[in-house]
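Notes for the structure review
Residue strings, one per chain:
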Amino acid sequence: VAKDLGLQLPELSDRGIGVVSEGRTEYFALQGKTGHLVTAQRIDREQLCESVQQCVLSCELIVEG
């Protein structure tokens with residue numbers, strides 16, 4: 001994420017970057033040391049998308065400043 005946004009790693013914490021998922025559960029997180037987008041917890045496809053053929057989890061990256 002840091003590379004895609006053209007930011008240096010120290011800027012990630014300075015700019016207040018956060019990852020927001022749909023619903024109450026946060027499925028993704030930003031790893032501060034590497035700038036990588038990672039899964040914050042196990043994602044159970046059968047539970048999330050039991051009646052849907054194609055399962056998509058959307059998230060947004062919020063950058064302040």
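Residues numbered from 1 in each chain as written. Predicted model: local features only at pLDDT ≥ 70, side-chain atom pairs only at ≥ 80, totals over all residues. Heavy atoms only, no water.

Per an unreviewed UniProt entry, the protein goes by PCDGB protein and derives from Neodrepanis coruscans.

Looking only at helices and strands, the protein has 3 helices and 4 strands in total. In sequence order, the secondary structure elements of the protein are arranged as α-α-β-β-β-α-β. Taking 2.2 N^0.38 as the reference for a compact globule, 65 residues should give roughly 11 Å; the C-alpha atoms of the protein span a radius of gyration of 14 Å, well beyond that estimate. By its C-alpha atoms, the protein is 40 × 20 × 20 Å across when sized along the principal axes. Considering the protein as a whole, with its 65 residues, one finds that 15% of them fall into the buried category. A separation threshold of at least 6 residues defines the contact pool for the protein, and within that pool the share at least 24 residues apart is 42%. (Helix = DSSP H or I, 4+ residues; strand = E, 2+ residues; numbered from the N terminus. Rg over C-alpha atoms; globule rule 2.2 N^0.38 Å. Buried < 20%, exposed > 50% of the residue type's maximum accessible area, 1.4 Å probe, protein only. Contact = heavy atoms within 4.5 Å.)

The UniProt record marks residues 1–64 with the feature "domain: Cadherin N-terminal" (unreviewed entry), using the residue numbering of this structure. As annotated, residues 1–64 has a helix share of 22% and a strand share of 22%, and its two end C-alpha atoms lie 15 Å apart. (UniProt positions renumbered as here; feature names shortened; annotations may be inferred.)

The subject of this paragraph is the side chain of S21. Looking at where S21 falls in the secondary structure, it is placed in strand β1 (residues 18–21). Setting aside residues up to four positions removed in sequence, S21 forms contacts with E26, Y27, F28, S58 and C59.

Here we come to the state of the cysteines. Counted under the stated rule, the structure contains 1 disulfide. Paired through a disulfide, C49 and C55 show a sulfur-sulfur distance of 1.9 Å. Residues C49 and C55 are joined by a disulfide whose S-S torsion is about 50°; by sign, that bridge is right-handed. Using a relative accessible area of 8% as the deciding quantity, one classes C49 as buried. In this structure C55 comes out as partly exposed when scored by relative accessible area, which is 27%. (Disulfide = S-S within 2.5 Å.)

Below, the discussion takes up the pairing of β1. In β1, alternate side chains face the same way, and those of V19 and S21 are buried while those of G18 and V20 on the opposite face are not. With 4 bridges connecting them, β1 and strand β4 (residues 59–62) associate as antiparallel partners. Residue V20 lies in a different strand from β4, and its bridge partner there is E60. (Pairing = 2+ DSSP bridges.)

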